[in-house]
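Descriptive structure summary
So the chains spell out like this:
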Amino acid sequence: ESLSVAELAKKLHREPSEIIKKLFMLGVMATINQELDKDAIELICADYGVEVEEEVRVDITDLDAYFEQNEENEQSMEERPPVVTIMGHVDHGKTTLLDSIRHTKVTAGEAGGITQHIGAYQVDINGKKITFLDTPGHAAFTTMRARGASITDLAIIVVAADDGVMPQTVEAINHAKAAEVPIIVAVNKMDKPSANPDRVMQELTEHGLVPEDWGGDTIFVPISALKGEGIDTLLEMILLVSEVAELKANPNRSAIGTVIEAQLDKGRGSVATLLVQDGTLRVGDPIVVGHAYGRVRAMVNDIGRRVKEAGPATPVEITGINEVPQAGDRFVVFEDEKTARQVGESRAMTAIQASRSEKQRVTLDNLFEQMSQGDVKELNIIVKADVQGTVEAMAASLMKIDVEGVNVKIIHTGAGAITESDISLAAASNAIVIGFNVRPDTNAKRAAEAEGVDIRLHRIIYKVIEEIEAAMKGMLDPEY
Ligand code: GDP
């Protein structure tokens, strides 16, 4: 930090001319508007017998910092409910399962309780709560992760017992693994005569999910989402896994959390569903949500009731902010509305500037530079190829690459064209995508451009290896 002579004079309650004179005596020629460096400031202050206190600048507009600072003493922490996401292949029963859990548990005891969709809901199992994100599939999961928000504690992977492991099942597993979220497998459609749970288990073993009976540590629960069978066991297992994880939060602090979904409502203005991750959110709280701000005007819970407060892991829909935030945006409650407004406005400005200079993702061209700066120690790769055999051969060759200072990590593979889902996983995990004898489809191409994801297309295996090795050693010829 530097100060001008005039600013320093003001801080010391002296005339600038006096400071200039002192500087002169110390052998420094200075004018009133001259910027002084740290040494000069210290010299002058020492002369006046004043200690220089370095201002520690906390960037109050950095919402992520509130999450990082969030380590607290154990005493103030209390157990909190787990936040669960349901993923799996299309038509394997995610929506049916979400509905089934909601109907058996939410409406019970709520006379005429209207379940309303706010993007998440909570169920109560003998006094213990579980929060479900009500957007099936991994698109939402990945979007949030790409925005730096990890809100899921546990992933349920639904696999239809009559269909087995499908491409999106594998994607879902890899998304959960990349986010280091524990997995419970729900083997669904057990009511069907063609159900073959053993096959599902066998197939999942190939993806590292081994049932406990077979010596692994993955919990498999056979269910019928349609008939409501096995749901209680599934819920018990969720509680079991969360107990082991010792999920905690401090309800006695001001709230922080993440946006689940948001939209503009004709009558109510900006409406956002927030997941409180720590602290307690109250009506009237001054709040910054992404770069929107305001005061919490009204809060509605997942069964459409007005509530005055919401504790850790509780989803609530709020009104009272000036703009529509995005899913995955952080929110933080501030002491007073004025600070919230300043932070919100400043964040809106920064967002405009940031959109002009996109943050750098890893590409083969900047890999070496990012490695040298210590930003990257692992090169995450997604491999897509025309046939499964080639996918495996490619992955095996890539894993053999041995360059000091960086590891290759294959986070996802698959046969077929490069899809938008591959790109979103790459963006969320800072990965590059290699396509072998395949190309990105139109949506994937657009997404890759928007997200700055590096796609490399090849037809000869050794060329791929050569290119990656060269990039790791900083010897890649720039691409024009
Ligand atoms: P999603 O795409 O994963 O959300 O799958 P859905 O929940 O929409 O389910 C797809 C289809 O499978 C629907 O016709 C459901 O009625 C059916 N389905 C879901 N769960 C079960 C089940 O446990 N048993 C049977 N027989 N059908 C199911």
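Just so it is clear, the model here is predicted, and its values are computed rather than measured.

Moving on to the overall build of the protein chain. When helices and strands are counted, the protein chain shows 15 helices and 23 strands. By principal-axis analysis of the C-alpha atoms, the protein chain measures approximately 95 × 65 × 45 Å. Within the protein chain, the proportion of its 480 residues that are buried is 48%. Looking at the protein chain as shown, the accessible area adds up to about 24600 Å², and 48% of this sits on carbon and sulfur atoms.

Let us now look at the pairing of strand S23 (residues 455–458). Side-chain alternation along S23 places Arg-456 and His-458 on a buried face and Ile-455 and Leu-457 on a face that remains uncovered. As judged from the four bridges shared by strand S22 (residues 431–436) and S23, these two strands associate in the parallel manner. The residue bridging Val-433 from the neighbouring strand is Ile-455, located in S23.

In the structure shown here, the tally under the stated rule is 17 salt bridges. For Glu-337, the salt bridge goes to Arg-295, with nearest N and O atoms at 2.7 Å. Of this pair, Glu-337 sits in helix H10 (residues 337–356) while Arg-295 is found in strand S15 (residues 292–300), placing the two residues 42 residues apart along the sequence. For Arg-295, a relative accessible area of 36% gives the class partly exposed. One salt-bridge network, in which partners are shared between bridges, spans Asp-365, Asp-454, Arg-456 and Glu-467.

Right, let's get into the layout of surface pockets. Here the second largest pocket is characterised by a volume of approximately 830 Å³. Forming the walls of the second largest pocket are 30 residues, and the residues nearest its centre are Val-170, Asn-174, Ile-411, His-412 and Thr-413. Listed by contribution, the elements that provide at least two residues to the lining of the second largest pocket are helix H7 (167–178), strand S20 (378–385), helix H12 (388–399), strand S21 (407–415) and helix H13 (420–429). Partitioning the lining of the second largest pocket into residue classes produces 12 nonpolar, nine polar and nine charged.

This part takes up the site of the ligand. Neighbouring the ligand are 15 residues; Asp-91, Lys-94, Thr-95, Thr-96 and Asp-191 lie closest to it. Measuring from an oxygen atom of the ligand, one finds a backbone N or O atom of Asp-91 at 2.7 Å. Asp-191 is positioned such that a nitrogen or oxygen atom in its side chain is 2.7 Å from a nitrogen atom of the ligand. Taken by itself the ligand offers 570 Å² of open surface, and the protein chains cover 75% of this. If one sorts the elements of the shell around the ligand by residue count, helix H5 (residues 94–105) sits on top with three residues. Looking at the shell around the ligand, its residues break down into three nonpolar, seven polar and five charged.

Let us now look at the nonpolar core. One finds Leu-97, Phe-132, Ile-156 and Ile-238 to be the most contacted residues of the largest nonpolar core, which totals 25 residues. For this core, the secondary structure elements donating two or more residues are strand S4 (83–88), H5, strand S5 (120–125), strand S6 (128–133), strand S7 (154–160), strand S8 (183–188), strand S9 (219–222) and helix H9 (231–245). With six residues, the top contributor of residues to this core is H9.

Right, let's get into the side chain of Thr-339. Positionally, Thr-339 belongs in helix H10. Among the polar contacts listed, one links the side chain of Thr-339 to the side chain of Asp-336, at a separation of 2.8 Å. For Thr-339, the residues in contact, after removing those within four places along its chain, are Ile-60 and Phe-334.

Attention shifts here to the packing of aromatic side chains. Summed over all chains, the structure comprises one aromatic pair. The positively charged end of Lys-22 is found above the aromatic ring belonging to Tyr-48, 5.1 Å away from the centroid.

Now for the packing of helix H1 (residues 5–12) against helix H2 (residues 16–25). The packing of two helices is summarised by the inter-axis angle and the distance between the axes. As a packed pair, H1 and H2 sit with axes 8 Å apart at the nearest point and diverge in direction by 110°. Taken as axis vectors, H1 and H2 run roughly perpendicular relative to one another. You can see that H1 and H2 cross each other, and the crossing is right-handed. Between H1 and H2, the residues in contact are Val-5, Leu-8, Ala-9 and Leu-12 and Pro-16, Ile-19, Ile-20 and Leu-23, respectively. Residue composition of the contact of H1 with H2, by class: eight nonpolar, no polar and no charged.

The six strands are arranged S5-S6-S4-S7-S8-S9 in an open sheet whose pairing can be described as mixed. In the strand order of this sheet, the two ends are held by S5 and S9, each with one partner. Strand-to-strand twist of the sheet, defined as the mean angle between neighbouring strand axes without regard to direction, takes the value 30°. Alignment of S4 against S6, held across three bridges, turns out to be parallel. From the neighbouring strand, Val-84 faces S6, where its bridge partner is Phe-132. Relative to the sheet, H9 contacts S4, S5, S6, S7, S8 and S9, its axis offset from that of S6 by approximately 100°.

What follows concerns the sheet that holds S22. The pairing of strands in a sheet happens through backbone hydrogen bonds and is either parallel or antiparallel. The strand order S21-S20-S22-S23 describes an open sheet built from four strands, whose pairing is parallel. Of all the strands in the sheet, the pair left with one neighbour each is S21 and S23. Across the sheet, the mean angle from the axis of one strand to that of its neighbour is 25°, orientation sign disregarded. In terms of strand pairing, S20 meets S21 through eight bridges, oriented parallel. Following the sheet pairing, Ile-382 is matched in S21 by His-412. Packed onto the sheet, H13 meets S20, S21, S22 and S23 and runs at close to 175° relative to S20. Sitting on the sheet, helix H15 (residues 461–472) is in contact with S20, S21, S22 and S23, with an inclination near 160° to S22.

Another point: unusual backbone geometry. Even without being glycine, His-13 reaches a positive phi, approximately 55°. One non-glycine residue, Lys-189, lies in the positive phi region at around 65°. Here Lys-189 lies in the loop between S8 and helix H8 (197–205).

Analysis parameters
- Residues numbered from 1 in each chain as written.
- Predicted model: local features only at pLDDT ≥ 70, side-chain atom pairs only at ≥ 80, totals over all residues.
- Heavy atoms only, no water.
- Helix = DSSP H or I, 4+ residues; strand = E, 2+ residues; numbered from the N terminus.
- Buried < 20%, exposed > 50% of the residue type's maximum accessible area, 1.4 Å probe, protein only.
- Areas by Shrake-Rupley, 256 points an atom, 1.4 Å probe, with all protein chains shown as cover.
- Pairing = 2+ DSSP bridges.
- Salt bridge = Lys/Arg side-chain N within 4 Å of Asp/Glu carboxyl O.
- 1 Å grid on protein atoms, 1.4 Å probe; cavity = no way out; pocket = protein on both sides within 12 Å on 5 of 7 lines; lining within 4 Å.
- Points joined across faces, edges and corners; volume = space filled by probe spheres on them.
- Nonpolar A, V, L, I, M, F, W, Y, C, P; charged D, E, K, R; others polar.
- Near = heavy atom within 4 Å.
- Polar contact = N/O pair within 3.5 Å; in protein donor to acceptor, adjacent residues only side chain to side chain.
- Core = buried A, V, L, I, M, F, W, Y, C linked by side-chain atoms within 4.5 Å.
- Contact = heavy atoms within 4.5 Å.
- Phe/Tyr/Trp six-rings, centres within 6.5 Å; stacked < 30°, edge-to-face > 60°.
- Lys NZ or Arg CZ within 6 Å of the ring centre and 35° of its normal.
- Axes fitted to C-alpha atoms, helices over the stretch in contact; angles between N-to-C directions.
- Parallel < 35°, antiparallel > 145°, perpendicular 65-115°, else oblique.
- Left-handed = near helix turned anticlockwise from the far one by under 90°.

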